Amino acid sequence: MDNQTFAERDLAVLWHPCTQMKDHEHLPMIPIKSGQGVWLEDFDGNRYLDAISSWWVNIFGHANPQINAAIKAQLDTLEHVIFAGFTHETGIKLAEKLVEITPAGLSRCFYADNGSAAVEVALKMSFHYWLNSGQPQKTKFITLENSYHGETLGALAVGNVALYKETYRPMLMDVITVPGPDCYYREPGESYADYSSRRFALMAEVLAQHANEVCAVIIEPLVQCAGNMRMYDAVYLKLLREACDQHNVHLIADEVAVGFGRTGTLFACEQAAISPDFLCLSKGLTGGYLPLSAVLTSDKIYQAFYDDYAKLTAFLHSHSYTGNALACSAALATIGIFQQQAIIDSNRRLIAKMAEIATRFTEHPHVAEVRQTGMILAIEMVKNKHTREAFAWQERRGMKVYQYALRQGVLLRPLGNVIYFMPPYVITEAELELLGEVAWQGINHAVNN
Ligand code: PMP
């Protein structure tokens, strides 16, 4: 079997995510045969460096021996069991670990099975907490411009990326959208911290005005990933925590994309020394192996649901695969690797290497900004460096980078005109250099064709 055979069979029956399927009339579908570390291999023997961690999920490489072994052992014991009325050792151990490693005060763990579902859980829990606490008028959510929280209807409603949201707007609940701290728009010479705190004034105003009807503010700490990897300073989170406390509004930290070391600390909230009321985790949670998410919350919130059944205050939300034992075993093994191998410390070397690679791009005539937060590096490709005029989206320049890089054996998947590296933490410095070189050539190719 070769690539073409599988591609034909695929295109005859499958409908792929986030894809205009007609593109595949000219864009080859790539059937992957196997993965090893940062490398993927197709059925024709071509290899691709997975520079985006397969949609930001894979952190310790494909076919990681430790995670493989954990899942295999779990498989021979218990694959899955209903998680209402029943429990299992792996699910308990994972919840204990998550409570231990997440910011202080988060002492309860609720499982779901993907990032969007975690966001739905946090939104519903927040609303329901206020209802149970005699504040039924709190029904609204505050979100930031350019935010992204997933594709299910609640998650999409609190997101703000027009490309994904606009089509479905008539189906979505109303939210309060506040201009964000995206530091791409800071004044020349203004620091990230200054811009982020200056922009907080807009949030403070909205909170003061609407707190009485607002359940929570939902935010992606430090990096708005799907919103073109736009970044801001931790001071914004610190100010937001204070204001939420002052106004009696929950803070939902969506660390689905940035959790598990992406920003340089295990959780991004650590950089602001804050604890959210709800912490949403997924993606890296299982090392990129299996769908699982978790919402961590406080005892105070848990207690507002804890009462006699007849009071009807329970959180009756469920998913069939809640607490799946195989997924929990992958997550436990993943956290084990973080702890045994002191990954947060060892990543510093990779983060410095990424910064070194980035310097070359700052002078590129079609790059407006190079930004980095920990293990995320983004390069903003523009038509005009000085005015920052963007390439028209119809030109699909990012797609040209994607296609060029694939031919060079690198999987980059730009967001619009933003090329980014978000590699697994098992990448080597030499592989990072290869990435930098291919991205450089890819940008040159894309701006000239
Ligand atoms: N929140 C954030 C911040 C995300 O980046 C994503 C996915 N990219 C989600 C939520 C949704 O997660 P999932 O795709 O697993 O539903």
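Calculation rules
Residues numbered from 1 in each chain as written. Predicted model: local features only at pLDDT ≥ 70, side-chain atom pairs only at ≥ 80, totals over all residues. Heavy atoms only, no water. Helix = DSSP H or I, 4+ residues; strand = E, 2+ residues; numbered from the N terminus. Expected span 1.5 Å × (residues − 1). Buried < 20%, exposed > 50% of the residue type's maximum accessible area, 1.4 Å probe, protein only. Polar contact = N/O pair within 3.5 Å; in protein donor to acceptor, adjacent residues only side chain to side chain. Contact = heavy atoms within 4.5 Å. Near = heavy atom within 4 Å. Areas by Shrake-Rupley, 256 points an atom, 1.4 Å probe, with all protein chains shown as cover. Nonpolar A, V, L, I, M, F, W, Y, C, P; charged D, E, K, R; others polar. Disulfide = S-S within 2.5 Å. Domains from an automatic or database assignment. Buried area = accessible area lost by both parts, 1.4 Å probe. Salt bridge = Lys/Arg side-chain N within 4 Å of Asp/Glu carboxyl O. Phe/Tyr/Trp six-rings, centres within 6.5 Å; stacked < 30°, edge-to-face > 60°. Pairing = 2+ DSSP bridges.

Peer 1: Tell me about helix α5 (residues 115–132), residues and numbers included.
Peer 2: For α5, with 18 residues, the first-to-last C-alpha span of 25 Å sits near the 26 Å given by 1.5 Å per residue. The buried fraction of α5 is high, at 14 of 18 residues. Its side-chain oxygen 3.0 Å from the backbone nitrogen of Ser116, Asn114 forms the N-cap of α5. Remark: Gly134 follows α5 within two positions and exhibits a positive phi of approximately 75°.

Peer 1: Summarise the environment of Leu156; cite the residues concerned and give the values.
Peer 2: Relative to the helices and strands, Leu156 is located in helix α6 (residues 153–157). For the pair Leu156 and Glu120, spaced 36 residues apart in sequence, the C-alpha to C-alpha distance is 9.7 Å. When residues no more than four places from it in sequence are discounted, the contact partners of Leu156 are Gly150, Glu151, Tyr164, Lys165, Tyr168 and Leu172.

Peer 1: Kindly report on the site of the ligand, identifying the contributing residues and their values.
Peer 2: Around the ligand lies a shell formed by Trp56, Asn114, Gly115, Ser116, Tyr148, His149, Gly150, Glu220, Asp254, Val256, Ala257 and Lys283. Taking Ser116, its side chain carries an N or O atom lying 2.6 Å from an oxygen atom of the ligand. Side-chain polar atom of Asp254 to a nitrogen atom of the ligand: 2.6 Å apart, as the coordinates give it. Considering the ligand on its own, with 390 Å² of exposed area, one finds that the protein chains cover 82% of that surface. A breakdown of the residues in the shell around the ligand according to their chemical character gives four nonpolar, five polar and three charged.

Peer 1: Go over the state of the cysteines with me, naming the residues and quoting the values.
Peer 2: Scanning the model with the defined rule gives zero disulfides in all. There is no disulfide at Cys328, and the cysteine sulfur nearest it, in Cys109, is 8.0 Å away. Using a relative accessible area of 0% as the deciding quantity, one classes Cys328 as buried.

Peer 1: Pulling in residues and values, what's your account of the domain arrangement of the protein?
Peer 2: By domain assignment, the protein separates into domain 1 (31–63 + 343–447) and domain 2 (68–341). A straight line from the C-alpha centre of domain 1 to that of domain 2 covers 26 Å. The interface of domain 1 with domain 2 comprises 34 residues on the first partner and 30 residues on the second. Between domain 1 and domain 2, roughly 2,700 Å² of surface is buried when both sides are summed, and carbon and sulfur atoms account for 60% of that area. Remark: the boundary between domain 1 and domain 2 carries two salt bridges.

Peer 1: Lay out the packing of aromatic side chains with the relevant residues and their values.
Peer 2: A complete count under the given rule lists 17 aromatic pairs for this structure. Taken together, a centroid distance of 5.9 Å and an interplanar angle of 80° make the contact between Phe60 and Tyr425 edge-to-face. Here Phe60, found in the loop between α2 (53–56) and α3 (65–75), pairs with Tyr425, found in the loop between β16 (418–421) and α14 (429–448); they are 365 residues apart in sequence, far enough to count as distant. When the ring of Tyr302 is compared with that of Tyr306, the centres are 5.8 Å apart and the planes differ by 45°; the resulting orientation is tilted.

Peer 1: So, the sheet that holds strand β15 (residues 410–411): which residues are in play, and what are the values?
Peer 2: Strand order in the open sheet formed by four strands is β1-β2-β3-β15, with mixed pairing between adjacent strands. Two strands in the sheet have a free side with no partner beyond their single neighbour: β1 (32–36) and β15. In terms of strand pairing, strand β2 (residues 39–42) meets strand β3 (residues 47–50) through three bridges, oriented antiparallel. Its bridge partner lying in β3, Glu41 is registered against Arg47.

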